[in-house]
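# Close look at the chain arrangement
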Amino acid sequence: MAIVIRRLEEHDEVENFDCGDDALNNYLKRHAWTNQQKSSIGVSYVALDEDAPRTVLGYFTLAMASVPRDAFPKKYVRGLPPYDLPLILLARLAVDRRFAGRGLGHALISEALRISLRVADEVGCRSIITDAYRDRVNWYARYGFVPIEGAAATGPQRMFLDMRTIRAALPR
Amino acid sequence: MALKTRKKRIEHPAVSQRRKTKFQADLAPAEDRSVRLLKEELQLSSNTDFLSDAVALFRWAVSERKLGHRIMSEAANGERKVLLFPRLERVAPDLVLPRVDIKWTGRELESLAELVSAGEANRPTEALIRAMRD
């Protein structure tokens, strides 16, 4: 199976996508295209088999975010750059459960990190953050994401990955 | 009496200063057959010409995707097929990401500030290294 990852297109087949999580399924089926094309609040990238290049097997969504400098507690502001802090949000990442265990998640996060690096090179960005489901925290930690403290105990865990760490992983 | 002969200076034919690079490839039998077939169809007599044309086509495709243009074929009935080629997607400038607002708690912002202002970033994990090198 040769996998292609590219931007979501209007006529991609998403109706049968099932990652086992209703929220992630529903986002892809109902909102991903609208958010990308009309509302411009997230770009989704989809994994497809070259032999069936419309059927979505997995996806992730990226968006830019920033934290206003004056939102940080005063004692930390001095150590930060004198601007709002730009971030990339890895908003969603999911694999159809019929294709789980075939390295699709790895391929998707690899591409998400490559795109993030390119964005950081073009527009400037310090880090990637994601809101990970609690049972996926260890999976993200394998790629170097660090938990951000202070999240509610029951909701998703916000995690952080420094662009410098990603750059250090590039081949020399 | 000795005859004086003028030494005739022999000029070497001009040798191009540009070095040509040799290219050698190990092809699987199926790929080799494809190359031979394509050479026949395109009436190309040498591998050099074949490679030269292939590079020209690839260079064009890369430059088009770099501009964000999609590459597609169109049938007589108007049906279009878009070329999907993973390596080409890497050069496509689909980089402008939209902006969203995120809610933060005070403790999260403290934690984020500590992480961002760290003098040194964490070293990449094995999985991250594999992800960036695959």
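Residues numbered from 1 in each chain as written. Chains lettered and ligands numbered in written order. Predicted model: local features only at pLDDT ≥ 70, side-chain atom pairs only at ≥ 80, totals over all residues.

### Considerations on the nonpolar core
Residues and elements named next belong to chain A.
- Core analysis: the biggest nonpolar cluster contains 59 residues, and Ala47, Tyr59, Leu62, Leu90, Leu108 and Ala112 have the highest contact counts within it.
- It is strand 4 (residues 85–95) that provides the largest number of residues to this core, a total of 9 residues.
- If sequence neighbours within four positions are ignored, Ala112 has contacts with Phe60, Leu62, Leu90 and Leu93. (Core = buried A, V, L, I, M, F, W, Y, C linked by C-beta atoms within 7 Å. Buried ≥ 20, exposed ≤ 12 C-beta atoms within 10 Å, placed from the backbone. Helix = DSSP H or I, 4+ residues; strand = E, 2+ residues; numbered from the N terminus. Contact = placed C-beta atoms within 7 Å.)

### A word on the pairing of strand 7 (residues 157–162) of chain A
Residues and elements named next belong to chain A.
- Of all 6 residues making up strand 7, 6 are buried, and the element is well covered by its neighbours.
- Side-chain alternation along strand 7 places Gln157, Met159 and Leu161 on one buried face and Arg158, Phe160 and Asp162 on a second face that is also buried.
- Pairing of strand 5 (residues 127–132) with strand 7 involves 6 bridges; the strand directions are antiparallel. Among the inter-strand pairings, Ile129 is bridged to a residue of strand 7, identified as Phe160. (Pairing = 2+ DSSP bridges.)

### Regarding the interface of chain A and chain B
- Contacts between the two partners involve 50 residues from chain A, matched on the other side by 36 residues from chain B.
- Counting residues per element, the ones that place at least two in the side of chain A that touches chain B are strand 1 (3–7), strand 3 (52–67), strand 4, helix 3 (104–123), strand 7 and helix 5 (163–168) of chain A.
- Take the side of chain A that touches chain B: its biggest share by element is 7 residues, from helix 3 of chain A.
- Considering only residue class, the side of chain A that touches chain B consists of 31 nonpolar, 9 polar and 10 charged. (Nonpolar A, V, L, I, M, F, W, Y, C, P; charged D, E, K, R; others polar.)

### A look at the environment of Arg142 of chain A
- Counting through the fold element by element, Arg142 of chain A comes out in helix 4 (residues 137–142).
- For Arg142 of chain A, a count of 15 C-beta atoms within 10 Å gives the class partly exposed.
- Beyond its immediate sequence surroundings of up to four residues, Arg142 of chain A is in contact with Thr125 and Ala127 of chain B.

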